[in-house]
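Examining the three-dimensional arrangement
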Amino acid sequence: MYYQGAVEGAANTESGSRVFVYEVVGLRQSEETDQTNYQIRKSGSVFIKVPYNRMNQEMRRITRLGGRIVSIQSVGVLQQVNGKAASGVANSEAMSQATSADSAEREGNGKATPVNTGSEVKGSAESPAQSQPKKKDTKGNTMTQAKAKHADVPVNLYRPNAPFIGKCISNEALVKEGGIGIVQHIKFDLTGGDLRYVEGQSIGIIPPGVDKNGKPEKLRLYSIASTRHGDDVDDKTVSLCVRQLEYKHPETGETVYGVCSTYLCNLKPGDDVKITGPVGKEMLLPPDEDANVIMMATGTGIAPMRAYLWRMFKDNERAVNPEYQFKGFSWLIFGVPTTPNILYKEELEEIQAKYPDNFRLTYAISREQKNAQGGRMYIQDRVAEHADELWNLIKNEKTHTYICGLRGMEDGIDAALTAAAAKEGVTWSDYQKELKKAGRWHVETY
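Worth saying up front: this structure is predicted, and the values here are computed from it rather than measured.

Things to note about the nonpolar core
Side chains of a nonpolar character, in soluble globular proteins, are inclined to be buried together. Of all hydrophobic cores here, the largest spans 34 residues; its most connected members are Cys241, Met305, Leu309, Met312, Leu332, Phe334 and Leu343. Among the elements that make up this core, the one with the highest residue count is helix α7 (residues 302–313) (seven residues). Look past the residues within four positions of Met305 in its chain and what remains in contact with it is Met283, Met295, Met296, Ala297, Leu332, Tyr402, Ile403 and Cys404.

Here it is in structure tokens:
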């Protein structure tokens, strides 16, 4: 994923051959990073453009922020791949939405779901590592280079400086009585525009007003919870699953509410909303109708999973998608705190009842169920229970795994699969890297 860094302005003044792209992992959220344009994402890489005369300075800053540089590429090389002149700006216009998202407020637990926007530049390669010029073998023949993935997926149709103005159609509570927090299913009317998207993508929402510095609020990204045809299957709507962020200020003890999540949760039918996007290619479904799809979600991380399941199993969706009639197997492991917090419960259980051979539903209800050690049942505990089954599925080349929600589940999932793989003498960490290379391991956590 490409993100223009905090030094972008300086980079633009340099020639293409004197600008470099740092691939960075491990950046930590802090007061200092809040003042930069760095996208602080817990999984995946951040790509930062740096002019030659600031390379050492930027290296020191990245180290200070807890980051680690894993590769450095010349923008000139990247532009050769993209067929661009060496202007010092590698597809800056196409990346403008991602840039704005970099400094957006991250509202956690699906309320502003981070999105891998890596290959959103149309016609460009996925990452610097994949953007090398074509090499020649010893016989002088050009070696085949992999084509950019999902080249036909719509991205950045609407940008922050010219957003689409949609209207709220409905805003419905998803948490039942006795549940924890506020989570809403919000549907927007897209009539009159050209905002197209596919399952697994996200849209940006620009809340009204100004931030604490008196500047217009930045956009926040939210995973789309509907299929490309919308909840009404008429290609005229898009839906989100939004939890209102609420927490106690660590110093004052004052209750703080997320700006954008609160705005969305309080929308009324007929209200106008500024929408950007779509963005994201990390979480897209494979086109294979016989694929196996493992889904692991916590809270509002269910949003993209709902879109997948509707596309796979809903009768009206299948009717308008003759080219995609899912025949494979899907398994959702869904973590929530209480039974009233099971989002879309009726929809999920209806699909399970209708397609018992193709869909398996497993809940991890932390405040009601116990794990093997007698503690709370989290999603990673369910994965540990079924680790051997999951491992056998994952080994199948037709299997794709999707993880969305709180980052805390990742270590437990890895530990469980490490143990299962070790029974066959396989090192899970190495195997997982191969899955990622093959595009079969998809993660959005925060």
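Focus on the side chain of Asp381
Position of Asp381 relative to the elements: it lies in helix α10 (residues 379–385). Put simply, Asp381 is tucked away with no salt bridge, and the nearest opposite charge, on Arg382, sits 8.1 Å away. At a separation of 2.8 Å, a polar atom in the side chain of Asp381 contacts the main-chain amide nitrogen of Tyr378. Here Asp381 is in contact with Asn371 and Arg376, once residues within four sequence places are set aside.

A word on the sheet that holds strand β13 (residues 329–336)
In spatial order, the strands read β14-β13-β12-β15-β16; together these five strands make up an open sheet with parallel pairing. The open sheet is flanked by β14 (359–365) and β16 (441–445), the only strands paired with a single partner. Each neighbouring strand pair of the sheet contributes to a mean axis angle of 10 degrees, computed without reference to strand direction. Strand direction decides the pairing type here: strand β12 (residues 292–298) and strand β15 (residues 399–405), joined by six bridges, are parallel. Of the residues in β15, the one forming a bridge with Ile294 is Thr401. Most of the contacts of α7 go to β12, to which it runs at about 150 degrees, and overall it touches β12, β13, β14 and β15.

Focus on the pairing of strand β6 (residues 202–206)
Burial within β6 is extensive, with five of its five residues counted as buried. Burial of the side chains of β6 extends over both faces: Ser202, Gly204 and Ile206 are buried on one face and Ile203 and Ile205 on the other. By the bridge criterion, four bridges tie β6 to strand β7 (residues 220–223) in an arrangement that is antiparallel. Following the sheet pairing, Ser202 is matched in β7 by Ser223.

As for helix α3 (residues 55–64)
Taken residue by residue, α3 has Met55, Glu58, Arg61 and Ile62 as its buried positions. When α3 is viewed along its axis, its buried side chains cluster within an angular range of 125 degrees and face the same direction. Of the exposed residues in α3, the ones pointing more than 90 degrees away from its buried face are Asn56, Arg60 and Thr63. Of the residues flanking the end of α3, it is Gly66, one or two places downstream, whose phi is positive at about 85 degrees.

Quick word on the sheet that holds β6
Read from one edge of the open sheet, six strands run β7-β6-β11-β4-β5-β8, paired in antiparallel fashion. Only two strands of the sheet have a single neighbouring strand rather than two, namely β7 and β8 (237–243). Neighbour-to-neighbour, the strand axes of this sheet turn through a mean angle of 40 degrees, independent of strand direction. Note that strand β5 (residues 183–189) and β8 share seven bridges and pair antiparallel. The partner of Gln184 across the bridge, within β8, is Val242.

Structural notes on the environment of Leu174
For Leu174, the position within the fold is in the loop between β4 (164–173) and β5. Residue class for Leu174 comes out buried when judged on its relative accessible area of 9%. It is 7.0 Å that separates the C-alpha atoms of Leu174 and Tyr344, two residues lying 170 residues apart in sequence. Residues within four places of Leu174 in sequence aside, it is in contact with Val183, Gln184, His185, Cys241, Pro340, Leu343 and Tyr344.

Here's the deal with the environment of Tyr197
By secondary structure assignment, the location of Tyr197 is in the loop between β5 and β6. Aside from chain neighbours lying at most four places away, what touches Tyr197 is Pro154, Leu190, Ile224, Ser226, Thr227, Arg228, Gly230, Thr237, Val238 and Pro278. Reaching out from Tyr197, the side chain makes a polar contact with the backbone oxygen of Thr237 at a distance of 2.8 Å.

Quick notes on the rules
Residues numbered from 1 in each chain as written. Predicted model: local features only at pLDDT ≥ 70, side-chain atom pairs only at ≥ 80, totals over all residues. Heavy atoms only, no water. Core = buried A, V, L, I, M, F, W, Y, C linked by side-chain atoms within 4.5 Å. Buried < 20%, exposed > 50% of the residue type's maximum accessible area, 1.4 Å probe, protein only. Helix = DSSP H or I, 4+ residues; strand = E, 2+ residues; numbered from the N terminus. Contact = heavy atoms within 4.5 Å. Lys, Arg positive; Asp, Glu negative; His and termini not counted. Salt bridge = Lys/Arg side-chain N within 4 Å of Asp/Glu carboxyl O. Polar contact = N/O pair within 3.5 Å; in protein donor to acceptor, adjacent residues only side chain to side chain. Pairing = 2+ DSSP bridges. Axes fitted to C-alpha atoms, helices over the stretch in contact; angles between N-to-C directions. Arc of directions from axis to C-beta.

On their own, these measurements won't tell you what the molecule is for.
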